[in-house]
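# Observations on the three-dimensional arrangement
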Amino acid sequence: MKLRLDKFLADMGLGTRSEVKKAIRKGLAQVNAQTIREPEYKVDTEADQVLFGGQPAAYREFEYYMLNKPAGVISATEDTKERCVVDLIESRMRKDLFPVGRLDKDTEGLLLITNDGDLAHRLLSPKKHVDKVYFARIRGRVTEEDVECFRQGVDIGEKKRTLPSELRILEAGEISEIELTIREGKFHQVKRMFQAAGKEVLYLKRLRMGPLVLDESLKPGEYRTLNTQEMDILC
Ligand code: URA
């Protein structure tokens, strides 16, 4: 891909567009061992060797991070009051990262953070019915009737019932533990489904989204880039 030198450097988080323009004019950028002072100079992102301030700068069009979202952080890119999931990705280079889908502020677990809009669309499109698997702790005894009810679809106050979902009871008691697979992403869907069954979600964690499985070695708040296997199955 051919890209202006100032955009290349700004996209890689090396300064704002006007900061990198100034730096280029001062002679801080080199392409293939030549000092380039024109911000509009076209760089071949695959073939050219770019140095900025003497340091190599490789271009990455897309970044992909798996985050174990902690509670207390919102699934947004910026907010005036709240901490956002994108702020947790300290090693990010690009400024255009966003979370693929939303988890509630108090929900933990798998969140993909990227700037790849096509991938996000493939995972989020309502027509694709991508599986999302959640672990939850529920106030109240989850029963086989709940399993059957969830399998048939639940009335959560929308025009249509939810699509059939798979509820697996891991532990039934005053506080139950379950795993739930849904194929939609309606607002507060898991909480509303249990509310419809007269129960309350006390803790919610996403374990899987489509083929992407939460790396359980990531503690809440930790993240890593996707590995090549994960990239292969997603992209
Ligand atoms: N369903 C919910 O109720 N909350 C989430 O964060 C995700 C799914």
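This one's a predicted model, so the numbers in the text were calculated from it and none came from an experiment.

Below, the discussion takes up the domain arrangement of the protein chain. Domain boundaries in the protein chain define domain 1 (2-56), domain 2 (64-125 + 212-234) and domain 3 (131-209). The C-alpha-based centres of domain 2 and domain 3 are spaced at 23 Å. Of the roughly 1200 Å² buried at the junction of domain 2 and domain 3 (both faces included), carbon and sulfur atoms supply 47%. At the boundary of domain 2 with domain 3, the tally comes to three salt bridges. A salt bridge links K191 to D104, with the nearest nitrogen and oxygen atoms 2.8 Å apart. At the surface where domain 2 touches domain 3, the tally comes to ten residue pairs in polar contact (both at pLDDT 80 or more).

Turning to the packing of aromatic side chains, a few remarks are in order. Overall, the coordinates contain five aromatic pairs when judged by the stated rule. Between the aromatic rings of F62 and Y64, the centroid separation amounts to 6.3 Å while the plane-to-plane angle is 55°, which identifies the pairing as tilted. For Y64, a relative accessible area of 11% gives the class buried.

What counts as what
In this numbering scheme, every chain counts its residues from 1 along its sequence in written order. Reporting of local features is limited, given that this is a predicted model, to residues whose pLDDT is at least 70; pairs of side-chain atoms are given and counted only at 80 or more, and all residues count toward the totals for whole chains, interfaces and linings. In computing side-chain properties, one takes all heavy atoms of the structure into account and sets aside hydrogens as well as water. An automatic or database domain assignment supplies the start and end points of every domain. Reported buried area values correspond to the accessible surface (1.4 Å probe) lost by two parts on association, with both partners' losses combined. Salt bridges are counted wherever a side-chain nitrogen of Lys or Arg sits within 4 Å of a carboxyl oxygen of Asp or Glu. Polar contacts, as used here, are pairs of N or O atoms within 3.5 Å; protein pairs need one atom able to donate a hydrogen and one able to accept it. Residues neighboring in sequence count only if both atoms are side-chain atoms. Only centres within 6.5 Å qualify two rings of Phe, Tyr or Trp (six-membered ring in Trp) as a pair; their planes then separate them into stacked at under 30 degrees, edge-to-face at over 60, and tilted for everything else. When accessible area is computed with a 1.4 Å probe and restricted to protein chains, residues below 20% of their type maximum are described as buried, those above 50% as exposed, and intermediate ones as partly exposed.

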